Amino acid sequence: MKFLKINEFIIKIFAFLFMTLDHIGIFLINYSTNVFEDPMYSCGFIFRCFGRLAFPLFILMLVEGVRHSKNCWKYLLRISIVMSIVLISQIIIYYFISQDIEYAYSPLIDLFLCALTLILLKRKDKYSLLSILPIAYLTFTFIVQLCESFNNIKINYFPFYIRPGYSILGLILSLLFFYSYEIVDKIAIKKGVDLIAFKELPHYQFLINVTQILFLVLINIAIYALTYLNLGEQTLWFNNEIQTWSMFASILIFFYNGKRGYNKKWFQYASYCYFPVHIIIIYFVFFLLYR
């Protein structure tokens, strides 16, 4: 399995790149005439298509973080701190500067709730039942957005900045990626394979990759099918038109070797700071150029 060359560090770099393109695309579309003939709009649309690859990669890293972290609660705390910074920034910008970021949902809420769910489920004790709380919130968000889509309305008392943008999709994807390991383990045990020795082989990671890719492809097939349903003028809980581009994240997942790679302290802190910093920079660049 010499082709398994991509580690967590490389996955993160690609995830940050695609996420940045996605957010630039949001602002390009918001400041355009919203027609494909406008180069600004078409460029923004293309950026957003590439941006769809980011979320599956972040979910992959989230699952790896929960599985390998020595202290899952510290890991969750780091995510919650960054999420809080982003929420405060969004609220300040939206209410005191400009309302152009409406519907610019933060995936950090998704990552926080999905991480909390996985951490609780990982315990496999009575506290695992508490996972119903983040699951309930994600499900509630999904129901609210469904109601908005079917009735072509906007529920103002549930503002965008406290909504997980991917809602039920993020939850399903994180659970499938997380339990891919148990699925492969059970198949190996059923076939009489020495699981401890098998986990040391690159074939094990390859089977995990293939399983996760299969789930990602099946989810995107389901998303594609939803585009043929009449769900109103608003999007369901994500942009069905471009979300299926996330399937191309499978290319990077296919070559993932399960190793951490470069992980110096400065890069860890930079990774957590990148989301709020790049959002604020992009916003103010567009605000100054097009105010």
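Residues numbered from 1 in each chain as written. Predicted model: local features only at pLDDT ≥ 70, side-chain atom pairs only at ≥ 80, totals over all residues. Heavy atoms only, no water.

**Comments concerning the packing of aromatic side chains**
Within a pair of aromatic rings, the relevant descriptors are the distance that separates the centres and the angle that separates the planes. The condition is simple: A pair of aromatic rings is counted whenever rings of Phe, Tyr or Trp (Trp by its six-membered ring) have centres within 6.5 Å, and the orientation is called stacked for planes under 30 degrees apart, edge-to-face for over 60 and tilted otherwise. Runs of H or I in DSSP of at least four residues are treated as helices and runs of E of at least two as strands, each being numbered from the N terminus. Partly exposed describes any residue whose relative accessible area lies between the buried limit of under 20% and the exposed limit of over 50%, with all areas from a 1.4 Å probe on protein chains only and scaled to the type maximum. Only when the NZ of Lys or the CZ of Arg is both within 6 Å of the ring centre and within 35 degrees of the ring normal is a charge said to sit over the ring.
Within this structure, the stated rule accounts for 25 aromatic pairs. Here the aromatic rings of Tyr31 and Phe286 are separated by 5.7 Å at their centres, their planes lie at 25 degrees, and the arrangement is stacked. Taken as a pair, Tyr31 in the loop between α1 (8-30) and α2 (39-51) and Phe286 in helix α12 (residues 265-290) lie far apart in primary sequence, 255 residues in all. For the residue pair Tyr31 and Phe286, the accessibility class agrees, reading buried in each case. Taken together, the ring pairs connect Phe27, Tyr31, Tyr283, Phe284 and Phe286 into an aromatic cluster. Cation over ring: Arg67 sits above Tyr181, and NZ or CZ is 3.5 Å from the ring centre.

**Some words on the nonpolar core**
Here is the rule we go by: Here the nonpolar core consists of buried residues drawn from Ala, Val, Leu, Ile, Met, Phe, Trp, Tyr and Cys, with membership extended through side-chain atoms lying within 4.5 Å. In what follows, residue pairs with any heavy atoms lying within 4.5 Å of each other are defined as contacts.
By size, the foremost hydrophobic cluster in this structure holds 64 residues, and its most contacted members are Ile11, Leu57, Ile59, Leu62 and Phe177. With 11 residues, helix α5 (residues 107-123) is the largest single contributor of residues to this core. Contact partners of Leu62, with chain neighbours within four places excluded, come to Tyr75, Ile79, Leu111, Cys114 and Ala115. Grouped together as the second largest cluster of nonpolar side chains are 7 residues, Phe27, Leu28, Met40 and Tyr283 included.

**Concerning the side chain of Asp38**
Rule in force here: For the purpose of charge, His is not counted, nor are the chain termini; Lys and Arg are scored as positive and Asp and Glu as negative. Every case where a carboxyl oxygen of Asp or Glu lies within 4 Å of a side-chain nitrogen of Lys or Arg is listed as a salt bridge.
Within the fold, Asp38 resides in the loop between α1 and α2. For the buried residue Asp38, which engages in no salt bridge, the nearest side chain bearing the opposite charge is Arg48, 15 Å off. With sequence-adjacent residues up to four places away left out, Asp38 is seen in contact with Ser32 and Thr33.

**Brief notes about the packing of helix α3 (residues 54-68) against helix α7 (residues 167-190)**
For clarity, the cut-off: Note on geometry: axes are lines fitted to C-alpha atoms, helical ones only across the stretch in contact, with angles between N-to-C directions running from 0 to 180 degrees. Each angle gets one of four labels, with under 35 degrees taken as roughly parallel, over 145 as roughly antiparallel, 65 to 115 as roughly perpendicular, and the rest as oblique. Crossings are sorted by hand: turned counterclockwise from the far helix by less than a right angle, the near helix makes the crossing left-handed, and turned clockwise it makes it right-handed. Polar here means any residue outside two lists: the nonpolar Ala, Val, Leu, Ile, Met, Phe, Trp, Tyr, Cys and Pro, and the charged Asp, Glu, Lys and Arg; Gly therefore counts as polar.
For the pair α3 and α7, the least separation of the axes is 9 Å and the interaxial angle reads 50 degrees. As the angle between them shows, α3 and α7 are arranged oblique. Pair α3 / α7 crosses with right-handed handedness. Note on element contacts: α7 touches α3 through Gly170, Leu173, Ser174, Phe177, Phe178 and Tyr181, opposite Phe55, Pro56, Ile59, Leu60, Val63, Glu64, Val66 and Arg67. Among the residues forming the contact of α3 with α7, the class breakdown is 10 nonpolar, 2 polar and 2 charged.

**With respect to the pattern of salt bridges**
Pairing is possible between side chains of opposite charge, provided their charged atoms come close. For the structure shown, the criterion picks out 7 salt bridges. Residue Asp22 pairs with Arg48 through a salt bridge whose shortest N-O separation is 2.8 Å. Linking Asp22 in helix α1 with Arg48 in helix α2, this pair joins segments that are 26 residues apart in sequence. Residue class for Asp22 comes out buried when judged on its relative accessible area of 6%. Arg48 gets classed as buried once you look at its relative accessible area, which sits at 18%. Where Glu64 meets Arg67, a salt bridge forms, and the shortest distance between an N and an O atom there is 3.8 Å. Placement of the pair is Glu64 and Arg67 together in helix α3, with a separation of 3 residues, close to one helical turn.

**Concerning α2**
The test is simple: An expected span of 1.5 Å times one less than the residue number is assigned to each helix. Pairs of N or O atoms within 3.5 Å make up the polar contacts considered here, provided that, within protein, one atom can donate a hydrogen while the other can accept it, and that residues adjacent in sequence are counted only when both atoms are side-chain atoms.
Helix length check: α2 (13 residues) gives 18 Å between terminal C-alpha atoms against 18 Å at 1.5 Å per residue, within 8%. The backbone nitrogen of Met40 has a side-chain oxygen 3.0 Å away, supplied by the residue at the start of α2, namely Asp38.

**So, the confidence of the model for the protein**
The condition is simple: Here pLDDT means the predictor's own confidence in every residue, given as a number from 0 to 100.
Chain-level pLDDT for the protein is 85 on average; 90% of the residues reach the 70-or-more range. The spread of mean pLDDT over the elements of the protein runs between helix α10 (residues 240-243), the lowest at 74, and helix α11 (residues 250-254), the highest at 97. Every residue in residues 232-237 scores below 50 in pLDDT, and together they form 25 contacts with partners more than four places removed in sequence or on other chains.

**Digging into the environment of Leu288**
On the secondary structure map, Leu288 appears in helix α12. The exposure class of Leu288 is exposed, given its relative accessible area of 53%. Note: C-alpha distance between Leu288 and Leu138 (150 residues apart in sequence) is 35 Å.

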